[in-house]
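Inside the fold
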Amino acid sequence: MNRRRYAVLSLAAATLSTLVLLRAQDDSSEHSKGVVPHPDCSFFGPARETTLAAIKKDYRIGNLTQRVTGMMTSPAPRATSLPGVPGGTRTGSVMDLAQGGLIDQYIFQAIADAGVQPAAITNDYEFLRRVTLDLAGRIPTPAQVQSFVIDSNPNKRAKLIDDLLNSPAWLDKWTMYYGDLFQNGVTKTASGTVLFNEGRNAFYAWLHSALSNNMPYDQMARALITALGTNTYDPAQGPLNWIVGGRITGGPVQDTQDQLAANVADTFLGLANMNCVLCHNGRGHLDTLNKYFAGVTRYQAWQFAAHMAHTPNAATVRFDPTNNNVYYWSLADSMTADYQLGSTTGNRPARTIVGTEKVVAPVYIFNGDTPKKGGNYRQSLAASVTADFQFARATVNYIWKQFFNQGIVEPVDQFDLARLDPDNPPPDDGTTLGQLQPTNARLLNALAQSFIASGYDIKALQRQIVNSNAYQLSSFYDPAQWQVSYQSLFARHFVRRLWSEEVHDAITQSSGVGVAYKVYTGTDPSNTAAGTVTLNLAMQLPDTRDLAGVGANAFMDAFLRGDRDTLPRDPEGSLSQALNLMNDNFVMTRVRSANAGTGGLINQLQANGVTDDQLVAQMYLNVLSRLPSDAERTTALNSLKSGNHKSAAEDLLWSLYNKVDFIFNY
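**A word on the packing of helix α4 (residues 102–113) against helix α17 (residues 441–453)**
Orientation of α4 relative to α17, taken along the N-to-C sense of each, is 175°, at an axis distance of 10 Å. Considering their axes alone, α4 and α17 lie roughly antiparallel with respect to each other. Between α4, through Leu102, Ile103, Tyr106 and Ile107, and α17, the contact on the second element is made entirely by Arg442, Leu443, Ala446, Leu447 and Ser450. Across the contact of α4 with α17, the residue classes break down as seven nonpolar, one polar and one charged.

Now the structure itself:
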């Protein structure tokens, strides 16, 4: 590595390690002290930091954004860097941001009330890259960048959004997202439950089909909550894998029923604390964390879990009667006893009999509804959940975070139902629990109501979000004016580190050196050859764990893609990520022209006889979706004048992959 590359080393390492530093600085030493009386409770267990985030002011995303943008080129030099762009790179009026729609009315009113100046609307280069990554998980091509920027149509951003929402890439990105949310994987480590590749693939196919058909989200939720069937390998029965994945071993069936109920509360209502009260009363454990759940008893949690009482542990069925090691799962509800008390073993504290009461009947504790006599318990639960306003509120919040990089309620699965109503706020007790939890409660409620009115249309919700002026604000903000308290106002756009798959696909696309991963996506274990396909994008993979046939597993693992079981996807940075970008074979084979082949970016450009100025511009457009600033252009051109020209071009391409604005979506 020559001195040109060493010049980039400190920037890449410092930038990515900033994420780690922010996290470390934000951790209070008191968080790690004390005895752990309930390791299964999120307050005391491994999720303690996430739980505590619900009651402390967390300014990491705002601080990170300030640091990242401080390392980047200001947007001003790029605004007129492409001659002939109508109005620079900005189109449409931004004189009255609050007139942009429902979201803008609430966001900019709150900003105005706080006396804060919002960031400017982001320029076209940044908007195109931002929305393409957020909706489709990819970076735009140079041709897309140039045609979009010179387009004088004031509605071009709305048209772009519609095109992305209707693209195959949108399906890939959001099948990956819901695969994460619903934890679609092969193995559940804690229970030893194996769904096999075929079960995972069946669930993937069902999710992909549901999104392709724009299935209303309430219908998707009901399908998962009520799933039963005879074969987890059958794509038509894909949701059955979600239910089977919730089974718990080593104890009575009530452990599974509790976990299934906790999964429903967390995934569809944003209420992770249900898992706490399924072990112990909220009082004495959640008093300083969640005002609502502090008043929920374990008995009430049992009433919620009792909706799963007719759901026994799934049974295995051998795919091949002569082979014990390959099997699928079958599950049929058993219309027998209700939720039983009296268990003294298993994964949760003993379920002590209450007086003479040994059985708990199902009650939807948030409104008191009970199943109709003789009715299906899980169907009743699904109906109650999807009719609950909290279902829409939680769904909107989950999706909001994907685009704004911070939820209106944060953490997104730690809702406090006693602190959501702006017309009935909690009594001020001098603590966080005496304040409304959402940063903009009226916006959250209005957006949830709009989602319901749309028929629970995920695409309509996303279209509404990304068309808003609030989403289209720049991430750049005058450092002298920015205050950490502005974070809750969404007065600027917050950065996010790209997903593992986005980093991978951005490198293969921009370098011109693709991949051809042969991955088994079939559902018939006796015919794996027919079920093996060639995938050219990491975003099309059916799982986030290492897969046979994928050569960049280790590279993507460095970017913390998780395993959909014990390790969630993690947006944090690390030095290993910087080192992988600088040295991993996946990157280096795409930078070195000798290995890249005729399709490699540098080889293509030189074959076309481009000038150095054109080469620099095309490299920036390919990798960073923008043209270089004047200073960047001068530095790049000077670097090409010394030594071997092709080697210098390789160094330039390598340096672009190690720039802060490649690894972050801003």
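Now that the structure has been shown, we can carry on.
**Some words on the environment of Ile408**
With respect to the element layout, Ile408 can be found in the loop between α16 (389–404) and α17. Excluding residues within four positions of it along the chain, Ile408 makes contact with Asn397, Trp400, Gln437, Pro438, Thr439, Asn440, Leu443 and Leu444.

**Section: the packing of α17 against helix α18 (residues 458–466)**
It is at 9 Å that the axes of α17 and α18 come closest, and there the two elements cross at 140°. As the angle between them shows, α17 and α18 are arranged oblique. As α17 runs across α18, the sense of the crossing is right-handed. Touching Leu447, Ser450 and Phe451 of α17 are Ile458, Leu461 and Gln464, all from α18. When its residues are assigned to classes, the contact of α17 with α18 shows four nonpolar, two polar and no charged.

**Structural notes on the packing of aromatic side chains**
By the definition in use, this model includes 40 aromatic pairs. Summarising the aromatic geometry, the rings of Tyr299 and Trp302 are spaced 6.3 Å apart at their centres and angled 70° between planes, so their arrangement reads as edge-to-face. Here Trp302 and Tyr299 lie together in helix α14 (residues 298–305), a separation of three residues that amounts to about one turn. Looking at Tyr299, the relative accessible area reads 24%, which means it is partly exposed. A cation over an aromatic ring shows up here: Lys156 above the ring of Phe148, its NZ or CZ 4.7 Å from the ring centre.

**A closer look at the pattern of salt bridges**
For the structure on display, the rule yields 30 salt bridges. The partner of Asp258 in a salt bridge is Arg348, and the shortest N-O contact between them spans 3.6 Å. Placement of the pair is Asp258 in helix α12 (residues 253–269) and Arg348 in the loop between β5 (339–340) and β6 (359–360), with a sequence separation of 90 residues. Each member of the pair, Asp258 together with Arg348, is buried. The salt bridge involving Asp565 is made with Arg545; its shortest N-O contact spans 3.5 Å. Within this pair, whereas Asp565 is found in the loop between α20 (553–557) and α21 (575–583), its partner Arg545 is found in the loop between β9 (532–535) and α20, the two being separated by 20 residues in sequence. Residue Arg545 is classed as partly exposed on the basis of its relative accessible area, which comes to 23%.

So, how was this worked out
- Residues numbered from 1 in each chain as written.
- Predicted model: local features only at pLDDT ≥ 70, side-chain atom pairs only at ≥ 80, totals over all residues.
- Heavy atoms only, no water.
- Axes fitted to C-alpha atoms, helices over the stretch in contact; angles between N-to-C directions.
- Helix = DSSP H or I, 4+ residues; strand = E, 2+ residues; numbered from the N terminus.
- Parallel < 35°, antiparallel > 145°, perpendicular 65-115°, else oblique.
- Contact = heavy atoms within 4.5 Å.
- Nonpolar A, V, L, I, M, F, W, Y, C, P; charged D, E, K, R; others polar.
- Left-handed = near helix turned anticlockwise from the far one by under 90°.
- Phe/Tyr/Trp six-rings, centres within 6.5 Å; stacked < 30°, edge-to-face > 60°.
- Buried < 20%, exposed > 50% of the residue type's maximum accessible area, 1.4 Å probe, protein only.
- Lys NZ or Arg CZ within 6 Å of the ring centre and 35° of its normal.
- Salt bridge = Lys/Arg side-chain N within 4 Å of Asp/Glu carboxyl O.

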